[in-house]
Every structure is written in structure tokens, then in C-alpha cells.
Amino acid sequence: MKTLFINGSPKKRFCASSYFLFLQRLFVGGDKVTEHLRTRGDYQRILDQLPGADAVVFGVPLYVDGIPSHVMGFMEEMERSCREKGLHPRVYAIANNGFIEGKQNEPLMQLMENFCRRAGLTWGGGVGIGGGVMLNVTRILYFVQVGMLILNLLFNGISTGDFLPVGPLQSFLKNVLWLLYLNLGVLFYLIRMGRAVRKREEAGKRYTRILVPSFIFILFADVFFIILSFLEGGMFRGWLAKKVPDR
Amino acid sequence: MHIERKEEYYVKLILHDLGEAFAELLTRKSDHMINANGKYAPCQGCFSCWTKHPAECFMKDELQQACRRLGQADELIIITKNLYGGYSTPVKNVLDRAIGTSTPFSTYRGRQMHHTLRYGRKGLWKVIVYGDITEDERTTFTYLAERNAVNEGYERSEAVFLDDIARLEAVL
Ligand SMILES: Cc1cc2nc3c(=O)[nH]c(=O)nc-3n(C[C@H](O)[C@H](O)[C@H](O)COP(=O)(O)O)c2cc1C
């Protein structure tokens, strides 16, 4: 019972797909292998993992309403490889997108489903997650909270002798519960899908998102890009200008 | 290539994966052309085309300013081989590398969240699909083209399915 997890984000580190695959792995037992598919150079290594895998879980970002091109290229090769070797793993997908509506992943899910039909594989369903970038930020915030708590307890302990003060513990718990709340939809559907993956069953297509109202989400997203564009300098290089080609 | 935009003029851009075939026809029918030859590096997902050097990719190849070319066009015609009801890998590569057509800011379009448009509203997002295709894949492609048109700020979308690529001229 081997499950192959394929992270289709081209980013080297800190991708949202790796966060959701991490959560998904928690709810799937048995032999688990995770591969990062970033370039063509990764194709063969991952194709070599296919024999013996009876379930494949793709974790992919939504790119222009579809699947990133390097993952499409991989799927073409996977179709060929599965036909040649007579492989029929069940395929699941965890898609995440930048915008808040998880439902925007629907075309991606259809592409995956059509791919399965072409390649003679069984489509197992998937979860489409809106607000992926921000959910990914909640995982850093979680570690920040843990770090701050430890420092707080240490300082407090050294200065007052009380290593377990109620105040900092309470505020830590409150903040962590907030972060958990934002992830509740994701956790619920990934637990459900994990059960289906364990049993090699059909999970259906489900859509969820970060649990905040969309106008607040947009406000945060705008502030996020303003800060990033300030730090990286784009704001001062014709940030929103209608640039024409130089060549 | 220097592109001058005349306001009263309707600019047509063709993005295709046909290689050198139909070159004369495509040149005649378009103002600008992007040949998705499959030799470009895929997008790395860094968003620096928004936050670092706007409307420009950090990778210095022919697609570095692809979004600016798309930005100049009122009508986009994509000629692509079918792949699972979506764009062929080379065509998708170009689309992924061209998200600088929008800005990092968000807004609502069609009651959903999308980015604001660097180059304003556009006309037609037309997809001409060739190659073997199933009924499900047609449904997916038509839906995908609609979604792309909303996301990229086009007025409308159209998906045309060609059984025989020799009929290309009739649908351009
Ligand atoms: C080239 C490109 C295209 C994108 N297109 C969309 C899109 O159409 N809709 C959307 O909601 N998000 C879109 N996004 C945002 C990503 O889906 C989002 O950042 C996601 O969280 C990335 O996941 P990752 O960190 O695993 O790579 C796009 C991002 C990039 C780089």
C-alpha cells in the first residue's frame, strides 16, 4: 500500500502545496513517498516511483485557471508511462489557489479527471482550497506563536520565578485557536479525503477556503502585496503602469 | 519588435503551438504572434513580475515581456492542441509566464475575486482547439475559456473545435 504524493509547485520552498500535502499525509497511513515536481528534470525520478504506488496524490497550485505547464508536461509522460507499464493507480488532487473561492479550482479538477480517463487511471476526487497563500502564512504564524510563548515563559520565569504564568499561556491558546479556526474547512475535507485515500475509495470533489469574509481577505491580500512590492522595489519601477515591450 | 498601440485600431494577437506550419496564414491574420515552441522555461511562481520588476519576468528569454505583448492586444486567439480539455503544455507555459497582464491588486469580477487589470478590459478570448478530443474534454475546454476570459478581463470567450487543422483559415 504505497501512496505517492507529488508536490507540483515550482517554488523551491515554502509553497502552499507542501503545507496541504503535509496535512494530508497526517491522515493517510501505510508507505508514503513524497516527491517535488519543479522542472522537467524531475520527471523521470518521479515516474520511477509509480510502479508499486496504488494511489497518487497531486498537490498543485492553480495557474491561470488550470494546471501549471510543467505539471501538464509531467502528466503527458505519466500517461505514457502508465500505459506502457500497465499501471492503474487511483489519482487524487489537492489544489490551492490565490483567490479566496476554492470553487475556482473546478477547471483544474476537470482536467485531472479527463487525464485519468485518457491514461486509464481511476479518478479518486479532490479538494480545492481557496486562499492558499494566506493559509500557508498561518503555518508560519503558528511557529511564531510557539517561539514567542517560549521566550515569554523564559523571561517571566527568570524575572519572577513563575515559569507557568496564566496570561501568556491564555493568549497563546487564543491565538492558536484562531489559526486553527482559519484552517478548519481545510482540515475537515483533508481528513475526509485521507480516509478515502486510505481505503483507495472515491472521495468526490470538494471545495473549501480560508474561513474569513472575502472583503477582509482582499484587504489583507492588498496589504500583503503592497508590503512585498515596497520591499522588492517594484512599487518604484512603474508598479501599475501599462508597460510596452522594449523589443 | 516594437509595438505601437493606436487607440482606434483593434489589435489581434495569435498565440499558437503550430511551429512553422501555417506561418504565412497566421502572419496575415494577426498583428502579432507568439510561437509557443515548448523551449521556454516554465513559470517559477515568484510573483516578481508584480512585486520586483513589474510586467517583466526575471527569466531572460523571449517570454520575458510576453505579458506586455498580450497587454497590447484587444483580441487574443489561442490555437492549441487539446490536452485533457486544456491548453497544450507549450501554450500553457506562455500563459503562465504572462500574468503580469494584471496587477497584484484584487477586485471582484463576475462576483468572484480576481486581479485588477494592468491594461484594462479586452475584447475576445478565442480558443481554437485541434487534435483528438472527447465530449468531456470539450465541455472542460469551453468552461476553461469562459473562466479565463473573466479572470483576464475579456468581454467574452469562444471555443472552436477543429476536426481537421486544414480548416484553420475558415475559423480565424
Ligand atoms: C502563474 C500563476 C498563475 C496563477 N493563476 C491563478 C489563478 O488563475 N487563480 C488563482 O486563484 N490563483 C492563481 N495563482 C495563485 C496561486 O494559485 C497561489 O499563489 C498558490 O497558493 C500557489 O501555491 P504554491 O505555493 O503551492 O505554489 C497563480 C499564480 C501564478 C504564479
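Residues numbered from 1 in each chain as written. Chains lettered and ligands numbered in written order. Predicted model: local features only at pLDDT ≥ 70, side-chain atom pairs only at ≥ 80, totals over all residues. Heavy atoms only, no water.

### Here we look at the nonpolar core
So, step 1. Judged by nonpolar contacts, the single largest core of 35 residues is most densely connected at F58, F74, M75, M78, M112 and F115 of chain A.
So, step 2. Among the secondary structure elements, those contributing two or more residues to this core are β1 (2–7), α2 (43–47), β3 (53–61), α3 (69–85), β4 (90–97) and α4 (106–119) of chain A.
So, step 3. For this core, the element with the highest residue contribution is α4 of chain A, accounting for 7 residues.
So, step 4. Ignoring sequence-local partners within four residues, the contact set of M75 of chain A consists of F58, I67, M112 and F115 of chain A together with Y84 of chain B. (Core = buried A, V, L, I, M, F, W, Y, C linked by side-chain atoms within 4.5 Å. Buried < 20%, exposed > 50% of the residue type's maximum accessible area, 1.4 Å probe, protein only. Helix = DSSP H or I, 4+ residues; strand = E, 2+ residues; numbered from the N terminus. Contact = heavy atoms within 4.5 Å.)

### Side note on the interface of chain A and chain B
So, step 1. Contacts between the two partners involve 53 residues from chain A, matched on the other side by 57 residues from chain B.
So, step 2. When chain A packs against chain B, the two sides together hide about 4,900 Å² of surface, and 56% of this comes from carbon and sulfur.
So, step 3. The tally of links from chain A across to chain B stands at 4 salt bridges.
So, step 4. Measuring nitrogen to oxygen at the nearest pair gives 3.6 Å for the salt bridge that ties R68 of chain B to D246 of chain A. (Buried area = accessible area lost by both parts, 1.4 Å probe. Salt bridge = Lys/Arg side-chain N within 4 Å of Asp/Glu carboxyl O.)

### Quick look at the site of the ligand
So, step 1. Surrounding the ligand, one finds 21 residues, the nearest of these being S9, A16, S17, L62 and N96 of chain A.
So, step 2. Neighbouring residues of the ligand are distributed over chains A and B.
So, step 3. Here F99 of chain A contributes a backbone N or O atom positioned 3.0 Å from an oxygen atom of the ligand.
So, step 4. When the ligand is considered free in solution it has 640 Å² of accessible area, and contact with the protein chains removes 96% of it. (Near = heavy atom within 4 Å. Polar contact = N/O pair within 3.5 Å; in protein donor to acceptor, adjacent residues only side chain to side chain. Areas by Shrake-Rupley, 256 points an atom, 1.4 Å probe, with all protein chains shown as cover.)

### Thoughts on the sheet that holds strand β7 (residues 154–162) of chain B
All names here are of chain B.
So, step 1. Here we have 5 strands laid out as an open sheet, ordered β2-β1-β3-β6-β7, and parallel in their pairing. Single-partner strands in this sheet number two, and they are β2 (32–35) and β7. Sheet twist, expressed as the average angle between the axes of neighbouring strands with direction ignored, equals 15 degrees.
So, step 2. The strands that helix α5 (residues 135–152) touches are β3 (75–81), β6 (122–130) and β7; relative to β7, the one it contacts most, it runs at about 155 degrees. (Pairing = 2+ DSSP bridges. Axes fitted to C-alpha atoms, helices over the stretch in contact; angles between N-to-C directions.)

### Looking at the confidence of the model for chain B
So, step 1. Chain-level pLDDT for chain B is 95 on average; 95% of the residues reach the 70-or-more range.
So, step 2. The ipTM value of the predicted complex is 0.96, and its pTM value is 0.96. (pLDDT = per-residue confidence, 0-100.)

### A closer look at the sheet that holds strand β2 (residues 31–36) of chain A
All names here are of chain A.
So, step 1. Read from one edge of the open sheet, 6 strands run β2-β1-β3-β4-β5-β6, paired in parallel fashion. In the strand order of this sheet, the two ends are held by β2 and β6 (204–209), each with one partner. When strand polarity is set aside, the average angle formed by the axes of neighbouring strands in this sheet is 15 degrees.
So, step 2. In terms of strand pairing, β1 meets β2 through 6 bridges, oriented parallel. When the sheet's bridge partners are listed, L4 is paired in β2 with V33.

### So, helix α4 (residues 89–96) of chain B
So, step 1. Where burial is concerned, most of α4 of chain B is hidden: 7 out of the 8 residues are buried.
So, step 2. Looking only at α4 of chain B, the buried set comprises T89, V91, K92, N93, V94, L95 and D96 of chain B.
So, step 3. Considering only its buried residues, α4 of chain B is in contact with α3 of chain A together with β1 (12–16), β2, β3 and β6 of chain B.

### Observations regarding empty space enclosed by the protein
A probe matching the size of a water molecule, rolled over the atoms, marks out where space remains unfilled.
So, step 1. All chains considered together, the criterion is met by 2 cavities of 30 Å³ or more.
So, step 2. When its volume is computed, the largest cavity comes out at roughly 160 Å³.
So, step 3. In this structure, the largest cavity is lined by 16 residues; those nearest its centre are L70, A98, T101, E152 and Y154 of chain B.
So, step 4. Grouping the constituent residues of the lining of the largest cavity by class yields 10 nonpolar, 4 polar and 2 charged.
So, step 5. In this structure, the second largest cavity encloses a volume near 40 Å³.
So, step 6. Lining the second largest cavity are V64, D65, G66, I67, M72 and L111 of chain A together with G86, Y87, K92 and L144 of chain B.
So, step 7. Of the residues belonging to the lining of the second largest cavity, the class tally is 6 nonpolar, 2 polar and 2 charged. (1 Å grid on protein atoms, 1.4 Å probe; cavity = no way out; pocket = protein on both sides within 12 Å on 5 of 7 lines; lining within 4 Å. Points joined across faces, edges and corners; volume = space filled by probe spheres on them. Nonpolar A, V, L, I, M, F, W, Y, C, P; charged D, E, K, R; others polar.)

### Quick notes on the layout of surface pockets
Residues and elements named next belong to chain A.
So, step 1. The calculated volume of the second largest pocket comes to roughly 300 Å³.
So, step 2. For the second largest pocket, the full set of lining residues is Y19, F22, L23, T138, R139, Y142, F143, V176, L179, L180, N183 and L187.
So, step 3. With 4 residues, the single largest contributor to the lining of the second largest pocket is helix α5 (residues 132–160).
So, step 4. Of the residues that constitute the lining of the second largest pocket, the class distribution is 9 nonpolar, 2 polar and 1 charged.

### A short note on unusual backbone geometry
All names here are of chain A.
So, step 1. One non-glycine residue, R200, lies in the positive phi region at around 55 degrees.
So, step 2. You can see R200 is positioned in the loop between α7 (184–199) and β6.
So, step 3. For R200, a relative accessible area of 17% puts it in the buried group.

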